[in-house]
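Summary of the model geometry
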Amino acid sequence: MYTPANSACRISVFARVATLASLLVFAGSPAVATSAAPGPRHGISVFGDLKYPPDFKHFDYVNPEAPKGGRISLIGGTSITTFDSFNGFILKGDPANGLELLFDSLMVRAVDEPDAVYGLVAESAEVASDRRSVTFKLREAAKFSDGSPVTAEDVAFTLTTLKEKGHPRFTLVLRDVKSAEVIDPRTVRYVFEGDNVRDLPVEVAALPILSKAYYSAKPFEMSLDAPLGSGPYKIGDFKPGSFVAYQRRPDYWARDLPVTRGRFNFDMVRYEYFRDRTIELENLLNGTYDFREEFTSKDWALGYDKPPVKDGRIIRATLPDARPSGTQGFFINSRREKFSDIRVRKALDIAYDFEWANKNLFYGLYQRTNSYFENSEMKAAGPPSTDEIALLEPFRGKLPAEVFGEPYRPPMTEGTGSDERKFLREASGLLDAAGFTVKNGRRYTPKGELFDIEFLTFEQGFDRVIQPYIGRLEKLGVTATIRRVDPAQYQNRTKTFDFDLTIQRYAMRLTPGIELKNFFSSAAAGINGSFNLSGVADPVVDALVDKAMAAKTRAELIAACRALDRVLRSGHYWVPHWYKASHTLAHWNRFSWPATKPKYDRGAPDTWWYDTAKAQAIRTQ
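Residues numbered from 1 in each chain as written. Predicted model: local features only at pLDDT ≥ 70, side-chain atom pairs only at ≥ 80, totals over all residues. Heavy atoms only, no water.

1. Structural notes on helix α11 (residues 420-433)
Stated formally: Helix numbers and strand numbers start at the N terminus; a helix is a DSSP run of H or I with at least 4 residues, a strand a run of E with at least 2. Take the residue count of a helix, subtract one, and multiply by 1.5 Å to get its expected span. Only protein chains enter the accessibility calculation, which uses a 1.4 Å probe; a residue is then buried when its area is under 20% of its type maximum, exposed when over 50%, and partly exposed in between. The directions considered for the arc are those from the helix axis to the C-beta atoms. Working rule for contacts: check all heavy atoms of both residues, and any pair within 4.5 Å makes them a contact.
The end-to-end C-alpha distance of α11, which contains 14 residues, comes to 20 Å, matching closely the 20 Å that a straight helix rising 1.5 Å per residue would cover. If you check which residues of α11 are buried, you get E420, F423, L424, A427, S428, L430 and L431. Seen along its axis, α11 keeps its buried residues to an arc of 160°; they face one direction. Relative to its buried face, α11 has exposed residues pointing more than 90 degrees away, namely R421, K422 and R425. Here the buried face of α11 lies against α8 (342-350), β18 (442-444) and α12 (463-475).

2. A word on the side chain of T260
Mapped onto the elements of the fold, T260 is located in the loop between β11 (243-248) and β12 (268-272). T260 has contacts with L120, Y252, A254 and R255, leaving out every residue within four places of it along the chain.

3. Remarks on the sheet that holds strand β7 (residues 133-138)
Rule in force here: Strand pairing is assigned whenever DSSP detects at least two bridges linking the two strands. Between the N-to-C directions of two axes lies an angle of 0 to 180 degrees, each axis being a line fitted to C-alpha atoms and, for a helix, fitted only over the stretch in contact.
In space, the four strands of this open sheet follow the order β6-β7-β9-β8, with antiparallel pairing throughout. Each having just a single partner strand, β6 (122-127) and β8 (177-184) make up the two edges of the open sheet. Strand-to-strand twist of the sheet, defined as the mean angle between neighbouring strand axes without regard to direction, takes the value 20°. In the sheet, β7 pairs with strand β9 (residues 187-192) via five bridges, with the strands oriented antiparallel. Across the sheet, residue S133 finds its bridge partner in β9, namely V191. Docked against the sheet, helix α1 (residues 152-165) engages β7, β8 and β9, running at close to 165° with respect to β8.

4. Remarks on a nonpolar patch on the surface
Cut-off, in case you're wondering: Each patch is assembled from residues with relative accessible area greater than 30% and no salt bridge, linking like charges that lie within 9 Å and nonpolar side chains (Val, Leu, Ile, Met, Phe, Trp, Tyr) that lie within 5 Å. All accessible-area figures derive from a Shrake-Rupley calculation using a 1.4 Å probe, and residue coverage is judged against the displayed protein chains alone. Salt bridge, as used here, is a side-chain nitrogen of Lys or Arg placed within 4 Å of a carboxyl oxygen of Asp or Glu.
Side chains of L302, Y363 and L365 sit close together on the surface and give an oily, nonpolar patch of about 280 Å² of accessible area. With respect to the secondary-structure elements, L365 resides in the loop between α9 (354-360) and β16 (367-368). Its relative accessible area of 38% is what places L365 among the partly exposed residues.

5. Re the packing of α8 against α11
In plain terms, the rule: Throughout this description, any angle smaller than 35 degrees is read as roughly parallel, any larger than 145 degrees as roughly antiparallel, any in the 65 to 115 degree range as roughly perpendicular, and the remainder as oblique. Definitions for this section: a left-handed crossing has its near helix turned counterclockwise from the far helix by less than a right angle. A right-handed crossing has that turn clockwise. Note on residue categories: nonpolar means Ala, Val, Leu, Ile, Met, Phe, Trp, Tyr, Cys or Pro, charged means Asp, Glu, Lys or Arg, and polar means any other residue, Gly included.
In contact at an axis separation of 8 Å, α8 and α11 are set at 165° when each is read in the N-to-C sense. Between α8 and α11, the interaxial angle falls into the category roughly antiparallel. Every pair of crossing elements has a handedness; the one defined by α8 and α11 is left-handed. Residues R343, V344, K346, A347 and I350 of α8 touch α11, and the partners they reach there are F423, E426, A427, L430, L431 and A433. Across the contact of α8 with α11, the residue classes break down as eight nonpolar, no polar and three charged.

6. Overview of the sheet that holds strand β22 (residues 574-576)
Strand order in the open sheet formed by five strands is β20-β19-β21-β15-β22, with mixed pairing between adjacent strands. Looking at strand neighbours, the two that pair on one side only are β20 (479-484) and β22, the edges of this open sheet. With direction set aside, neighbouring strand axes in the sheet form an average angle of 30°. Pairing between strand β15 (residues 327-332) and β22: three bridges, direction antiparallel. If you follow F331 over to β22, its bridge partner there is W574. Across the sheet, α12 lies against β15, β19 (452-457), β20, β21 (501-506) and β22, angled at about 160° from β20, the strand it touches most. Lying on the sheet, helix α13 (residues 487-495) is in contact with β19, β20 and β21; it crosses β19 at an angle near 125°.

7. Observations concerning the packing of aromatic side chains
Stated precisely, the cut-off is as follows: Stacked, tilted and edge-to-face are the three classes assigned to paired rings of Phe, Tyr and Trp, where Trp is represented by its six-membered ring and a pair needs centres within 6.5 Å; plane angles under 30 degrees give stacked, over 60 edge-to-face, the rest tilted. Either the NZ atom of lysine or the CZ atom of arginine qualifies as a charge over a ring when it sits within 6 Å of the ring centre and within 35 degrees of the ring normal.
For the structure on display, the rule yields 48 aromatic pairs. Relative to F264, the ring of Y233 has its centre 6.4 Å away and its plane inclined at 75°; by these criteria the two rings are edge-to-face. With Y233 in strand β10 (residues 233-239) and F264 in the loop between β11 and β12, this pair connects stretches of sequence that are 31 residues apart. The residues Y233 and F264 share a single accessibility class, namely buried. Taking the ring centre of F243 as reference, the NZ or CZ of R270 above it sits at 3.7 Å. The aromatic ring of F497 is capped on one face by R335, whose charged end is 3.6 Å from the ring centroid.

8. As for the environment of G448
Note that G448 resides in the loop between β18 and β19. Here the alpha-carbon distance between G448 and G435, two residues 13 residues apart in the chain, equals 9.7 Å.

9. Thoughts on unusual backbone geometry
Residues apart from glycine generally show negative phi values, whereas peptide bonds are mostly found in trans. Omega for the peptide link from A604 to P605 comes to 0°, which places this bond in the cis form. Structurally, P605 is set in the loop between β25 (591-592) and β26 (609-610). Look at R131: it is not a glycine, yet its phi comes out positive at around 60°. Positionally, R131 belongs in the loop between β6 and β7. Of note in this structure, N375 is not a glycine but carries a positive phi near 65°. With respect to the secondary-structure elements, N375 resides in the loop between β16 and α10 (386-392).

10. Observations regarding the pattern of salt bridges
Under the defined criterion, the tally for this structure stands at 44 salt bridges. Between R368 and D349 there is a salt bridge, with the nearest N and O atoms lying 3.7 Å from each other. With R368 in strand β16 and D349 in helix α8, this pair connects stretches of sequence that are 19 residues apart. Like R368, the residue D349 is buried in the burial classification. Salt-bridge contacts for R472 lead to E420; the nearest nitrogen and oxygen are separated by 3.3 Å. Linking R472 in helix α12 with E420 in helix α11, this pair joins segments that are 52 residues apart in sequence. Of the two residues, R472 and E420, neither departs from the other in class, the shared state being buried. Each of R336, K338, D452, E454, R493, D498 and D500 takes part in a single network of salt bridges with overlapping partners.

Given below as structure tokens:
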């Protein structure tokens, strides 16, 4: 089943998730492991190991006997409050939540392993010994929802279409995929070029499969026409700005495969849209929808003291989250001249008081984010290891000395405001050194222009976080304001990097690879729609990204990502926020779930099911 390349981009006070699904380095040995071997295989992974054997019946984190039926309604996870398109593969438009339910992929990810994928449309995959090609054998039973077969021609058409017309998250990843060759109607071979091919077999295995016949008759562009897919659901009712509903297909061709057994149990999955989080919570409590992952600490601490929670009709649960926590913060647009000096960016970091915010705004529920790979083994800590030094040493003359010592950490205050003057003095000294002078209480750039900062946002809920920060910046003579725009404008302005500072969260994968180019490369800095919001354009970063992508073992990958983390943190491209290594969930008590939670996913709604007995008990209360 296709998962969008970035499922982590909903902004908010919390860390509200938005779009490249992503997680923590694998910790511990799997119960069953098979190593890479030549020939066709039922699954593949970046470094070859697989937990599940060829004859596995279902994933460990599902209930294979889960009943089908009922419905679940939930809030989507994107940074928009409406939608205007059912094409989630292009840059233009705001796609609806849940579109991944429509499309199958050659292979599907196991969310209790770091990066393994197992056969869905493809019954097997054979990776060449040099990893410069991978050949997939398609299942004869695979069909689109109109009954037409899924063929190798569709797979090849998908590659061409996404490379030529797709969102940058696809075009960047697929840059080194040379071709998809149709061997016969059920066999397709992907051919790769360049030096960074390690992740490509897994990447292409997880691509959505588009219908060549359908898109030959219809333009591949922004549209509210329901697309043709081969996945477990089809689009039902919808109303832009209000909701979109997906109906389960009882004729889904793959319903009994090991990778789908026990999943997709609801007859309807419906995504609701509201203007802001306050209205979202009110509508959960009054029963308008069923399920919410809470990302606002104030609401989690105070907002659920209501009758349906007290009497057990709504359940609150905190589940462990073993994924990398993601990179959330105030992203500083270094493309703009006033933020091009590293001392200015560091001053902005020092001026932010997380400890005060955590104590006074977040009820102490969060920890400070220090790393781009927080809550994972890729996070740099302590002095660099021998392997990290080997990667960094060739660039010693181009790097700050701190890269070779303890990695940069944002300053830690007492959280009371009593030491504010100390930190603002340090920030002011950095601005002075960068030539940003103060006249009549106002700070000016070296060119004599007023040093102003605009925080771009689209929702009011973050104001309580930004306003205290603005107050501290004003004490430095900085003129700072909040610029709130509608969601469509916000999307357009961030896609074109038309902002000073903005708030975003991206989640890293368990096995970081080619997507690092989208986040941090010089090439991505100049591509509209990329996730390189800060405009990082550093040859050293580019080289370390290449090292991470070329790593042949997990140990090599960890060393490269830790070295990369040190360099990025020393560049002060963002003011990092906070994280919590848990899912805080609230839902109406009419669902059940498997005994085992997937290690790297919350499980809902993918493996949950409608519990008729619980639903009846609520109705009789």
